[in-house]
Amino acid sequence: MKRVFQKAMALLLSAGMLLGCCGCGKKKEVSPADRLFTYVLGAEPASLDPQAAGGEAAWTVIQNLFEGLCRLDGSGNAIPGAAAEWHANADNTEYRFVLRSGVCWSDGEPLTAADFVYGIRRALDPNTKCPGAAALYCIAGAQAYHTGTGSAADVGVEAVSSGEVRFRLAEPCADFPARTAQSAFMPCRESFFLSTGGQYGMESDQLICNGPFMLRSVSGWAHGEYLRLVRNKHYAGGAQVLPVGLKFEIRAQDDPAAELGDGTVNVAKLTDAQEQAAAAAGLETVSFAETTWGLALRCTGALANEKVRLALVLAIDRTALAPHYPAGAAATVNMVPDAVSCAGGSYRSRAGACAQPASAQIPAELLAAGLSELQTDAVGALQVLCVDTPQNRLLVNRLLTDWRNALGCYLNIETVADEAALEARLQAGTYTIALAPVRAEKDDPAAFLDAAQTLTAYVSAEYDEWTAQRGHNPVTAAQAQETLLVGSGAFCPLYAQRTAYGFGKTVSGVIVHPFGGGVDFRGAGRTE
């Protein structure tokens, strides 16, 4: 299953050239290299510190500034990054990574194994509050240190020499090399970090990096406007860095398809409607399903009772809801999106469709039984929270009609202005039912499952037991937990939404990572 999508080069880059025509009719060599690429971030990163920054905007910039022990190729496979090679023991519980000869920081100082060890331990330090620290839990002692029950000395990572890093894992992990491409694994030079006095990654002169690009020394970061990156002359990676530089603009983007067409930007993130416009204009696009929208029934009050939740879910007429889904969205019964992979392949193809809620009782009987267990005769004041759009209002009103007709329940609709306001309410937990997205910044079914569990406040000893089995039986554990969340009525999947990207007409060699992974420009080229 592809986890990364790449817009391929029009011709082999080893040839180094593309051909164009000049005015005299002779062939003129036009190289795709040495071009400036422009991309709109939308939001400004609060920091470019790999161990502390969070969000797609930050990671898009960070992955072009930094390089882990491994990188991901166009199919999501681990390829050499700062490490030239790696070796695992027979059961994939120990790994050794050997650094490339001559690897350096952007200031010309040598990059060492100790820099990777320090970066990882710093990510696990509870005081760092690293958003991606959980990605390190496969390392022995990592979770204990991060949760305050262990020490840094117990974490299974060490510098065997200046050029070799060794890991001891808590459990077998065949895809561990690919995980080292994540931000929490990035190196950090202790002496430079301490010299910044708490400002590391906050300004262009408070950051050193080891990736294909570096922040321009003059006007590299104009807050609220842009970030300018140039080639890192000390980069010693395994491939040529084609662009001469990158410009990340910080602004709103009303019509990205038009900006791609006129060359204002070279790569852009698109909505479903914008993707259709870009395709109609003859531009290439890629997309992948990485978000599931559905009803999150918060398991408190009357909704703590499974029979009450199931009554509401089973009373829904899904066929009548479908016309009110956003354009380009696909109806789904699965909570974990199709694009997610697990144990080296597609999670969905291995797990199959998620088992659906079922009951021998009709919804009205289920509701009556649930209310009887709660010793009450009404569900109380329930509201459905959603973003205020015409489509959402139609969808939720259809739900309210189903519940009134099947259950005799009169619920209300509550709207918020936009997705940012919705996210704030979801994080605060101040809702009873919400039309909400399940997303994750990691290609792992467990990340989606835990996001849904948090969203719904679902509590189950069986769920916790399967969490302990994730390292040994990842597909089976995820399948069981998805069934628990959906089958208990805690989360009712409705439709899957895609994320799309568009490319300028002569753009090639760009790698797009799903799940908030951003865009990799190292091999990007264009001929105009």
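Quick caveat: nothing in here was measured; it's all calculated off a predicted structure.

Colleague: Explain the overall build of the protein residue by residue, including any values.
Modeller: Per the secondary structure count, the protein includes 16 helices and 25 strands. Its C-alpha atoms give the protein a radius of gyration of 25 Å, within 12% of the compact-globule value 24 Å for 528 residues. Projected onto its principal axes, the C-alpha positions of the protein cover 75 × 65 × 40 Å. For the protein, buried positions account for 52% of its 528 residues. Within the protein, contacts between residues separated by at least 24 positions form 67% of all contacts whose residues are at least 6 apart in sequence. As presented, the protein carries roughly 21,900 Å² of accessible surface, and 50% of it is formed by carbon and sulfur atoms. Across the protein, the centroid of the 41 positively charged side chains sits 6 Å from that of the 54 negatively charged ones.

Colleague: Please give an account of the nonpolar core that cites residues and values.
Modeller: Generally speaking, soluble globular proteins have nonpolar side chains that are buried together. Counting residues in hydrophobic clusters, the biggest one holds 142 residues, and the most contacted among them are I139, F167, F176, L227, L295, W403 and F521. Among the elements that take part in this core, helix α2 (residues 113-124) stands out by supplying seven residues, more than any other. The next biggest cluster of nonpolar side chains, apart from the first, holds nine residues, and it includes V40, A257, L260 and A500.

Colleague: Go over the layout of surface pockets, please, and point to the residues and values.
Modeller: Its boundaries defined by the atoms lining it, the second largest pocket holds a volume of some 230 Å³. Contributing elements (two or more residues each) for the lining of the second largest pocket: α12 (390-407) and β23 (491-503). Split by residue class, the lining of the second largest pocket holds four nonpolar, five polar and one charged.

Colleague: Which residues make up the sheet that holds strand β7 (residues 83-88), and what values do they have?
Modeller: Taken together, the four strands give an open sheet; going across it, the order is β7-β8-β10-β9, and neighbouring strands pair in antiparallel fashion. Looking at strand neighbours, the two that pair on one side only are β7 and β9 (157-161), the edges of this open sheet. Looking at each pair of strands side by side, their axes are set apart by 20 degrees on average, direction ignored. Where β9 meets strand β10 (residues 164-168), four bridges bridge the pair, whose relative direction is antiparallel. The partner of A159 across the bridge, within β10, is V165. Sitting on the sheet, α2 touches β8 (94-99), β9 and β10, and the angle it makes with β9 is about 170 degrees.

Colleague: Give a description of the environment of T389 that names residues and reports values.
Modeller: If you trace the backbone, T389 turns up in the loop between β20 (383-387) and α12. The exposure class assigned to T389 is partly exposed, which follows from its relative accessible area of 27%. With 29 residues separating them in the primary sequence, T389 and D418 have C-alpha atoms 8.7 Å apart.

Colleague: Account for the packing of aromatic side chains, naming residues and giving values.
Modeller: Counted under the stated rule, the structure contains 19 aromatic pairs. The interplanar angle of 85 degrees and the centroid separation of 5.7 Å between the aromatic rings of F97 and F167 together place this pair among those described as edge-to-face. Taken together, the positions of F97 in strand β8 and F167 in strand β10 put the pair 70 residues apart, joining distant regions of the chain. An aromatic cluster of three or more residues is present, and its members are W86, Y95, F97, F167, F176 and F185. It is K247 that lies over the ring of Y226; its NZ or CZ is 5.5 Å from the centre.

Colleague: Any chance you could break down the state of the cysteines for me, citing the residues and the numbers?
Modeller: Under the defined criterion, the tally for this structure stands at zero disulfides. There is no disulfide at C70, and the cysteine sulfur nearest it, in C173, is 12 Å away. Its sulfur unpaired, C130 is 11 Å from the next cysteine sulfur, which belongs to C188. Note on C130: relative accessible area 7%, which makes it buried.

Colleague: Let's hear about the pattern of salt bridges: which residues, and what values?
Modeller: In the structure shown here, the tally under the stated rule is 22 salt bridges. A salt bridge links R71 to D520, with the nearest nitrogen and oxygen atoms 2.8 Å apart. With R71 in strand β5 (residues 70-72) and D520 in strand β25 (residues 518-520), this residue pair connects regions lying 449 residues apart in the sequence. On the basis of relative accessible area, R71 is assigned to the buried category, the value being 6%. Its salt-bridge partner being R179, residue D175 comes within 3.3 Å of it at the nearest N-O pair. Through salt bridges with shared partners, one network takes in E67, R71, D520 and R522.

Colleague: Can you lay out the pairing of β8 for me, pointing to particular residues and giving the numbers?
Modeller: Judged by which residues are buried, β8 turns out to be one-sided: Y95, F97 and L99 face inward and are buried, whereas E94, R96 and V98, on the alternate face, are not. Where β7 meets β8, five bridges bridge the pair, whose relative direction is antiparallel. Bridging across to β8, E85 finds its partner in V98.

Colleague: For the confidence of the model for the protein, give the residues involved together with the corresponding values.
Modeller: Chain-level statistics for the protein give a pLDDT mean of 91 and a share of 95% at 70 or above. Confidence drops under pLDDT 50 across residues 1-5; counting only partners more than four residues distant or on other chains, this segment forms 29 contacts. Under a pLDDT of 50 for its full length, residues 8-24 has, in the predicted model, 33 contacts with residues more than four places off or in other chains.

Colleague: So what's going on with empty space enclosed by the protein? Residues and values would help.
Modeller: Applying the stated criterion to the full structure yields two cavities of 30 Å³ or more. Estimates place the volume of the largest cavity at around 60 Å³. Lining the largest cavity we find E67, A82, V103, C104, L111, N210, H234, Y235, A236 and G237. Among the residues making up the lining of the largest cavity, the classes are represented as six nonpolar, three polar and one charged.

Colleague: Any details on helix α7 (residues 272-280)? Residues and values, ideally.
Modeller: Since the α-helix advances by 3.6 residues per turn, residues separated by three or four positions end up pointing in the same direction. Listing the buried residues of α7 in full gives D272, Q274, E275 and A278. Down the axis of α7, the buried side of the element spans an arc of 160 degrees, and every buried residue falls inside it. Residues of α7 that are exposed and point over 90 degrees away from its buried face: A273 and A280. After α7 finishes, the residue G282 shows a positive phi value of roughly 85 degrees.

Here is what the cut-offs are and how they apply
All chains use their own residue numbering, which begins from 1 and follows the written sequence. At least 70 in pLDDT is required for a residue's local features to be given in this predicted model, at least 80 for side-chain atom pairs to be given and counted, and no such filter applies to totals for whole chains, interfaces and linings, which use all residues. Side-chain numbers here rest on the full set of heavy atoms in the structure, without hydrogens or water. Strands here mean DSSP runs of E at least two residues long; helices mean DSSP runs of H or I at least four residues long; both are numbered from the N terminus. With C-alpha atoms as the basis for the radius of gyration, the globule rule is written as 2.2 Å multiplied by the number of residues raised to the power 0.38. The rule is simple: take the accessible area with a 1.4 Å probe, protein chains only, and divide by the maximum for that residue type; under 20% is buried, over 50% is exposed, in between is partly exposed. By definition in these notes, contact holds between two residues if any of their heavy atoms fall within 4.5 Å. Here the open area of atoms and residues is found with the Shrake-Rupley method and a 1.4 Å probe, where only the protein chains shown may cover a residue. Neither His nor the chain termini are counted; the positive set is Lys and Arg, and the negative set is Asp and Glu. For the purpose of locating charges, the reference atoms are NZ of Lys, CZ of Arg, CG of Asp and CD of Glu. Working definition of a nonpolar core: buried Ala, Val, Leu, Ile, Met, Phe, Trp, Tyr and Cys residues. They are joined through side-chain atoms within 4.5 Å. We place a 1 Å grid over just the protein atoms. Points where a 1.4 Å probe fits but has no way out form a cavity, open points with protein on both sides within 12 Å along at least 5 of 7 lines form a pocket, and any residue with an atom within 4 Å of a point lines it. Grid points are joined across faces, edges and corners, and a volume is the space filled by probe spheres set on the points. Note on residue categories: nonpolar means Ala, Val, Leu, Ile, Met, Phe, Trp, Tyr, Cys or Pro, charged means Asp, Glu, Lys or Arg, and polar means any other residue, Gly included. The rule for pairing is simple: two strands pair if DSSP sees at least two bridges between them. With axes taken as lines fitted to C-alpha atoms, and helix axes fitted only over the stretch in contact, angles between N-to-C directions fall between 0 and 180 degrees. Centres within 6.5 Å are what make two rings of Phe, Tyr or Trp a pair, Trp counting through its six-membered ring; a difference in plane orientation under 30 degrees is then read as stacked, over 60 as edge-to-face, and the rest as tilted. Charges are assigned to positions over rings by a cutoff of 6 Å between ring centre and Lys NZ or Arg CZ, combined with an angular limit of 35 degrees from the ring normal. Only a pair of cysteine sulfur atoms within 2.5 Å counts as a disulfide in this structure description. Every case where a carboxyl oxygen of Asp or Glu lies within 4 Å of a side-chain nitrogen of Lys or Arg is listed as a salt bridge. Residue-level confidence of the predictor is summarised by pLDDT, bounded by 0 at the bottom and 100 at the top. What the arc measures is the spread of directions leading from the helix axis to the C-beta atoms.

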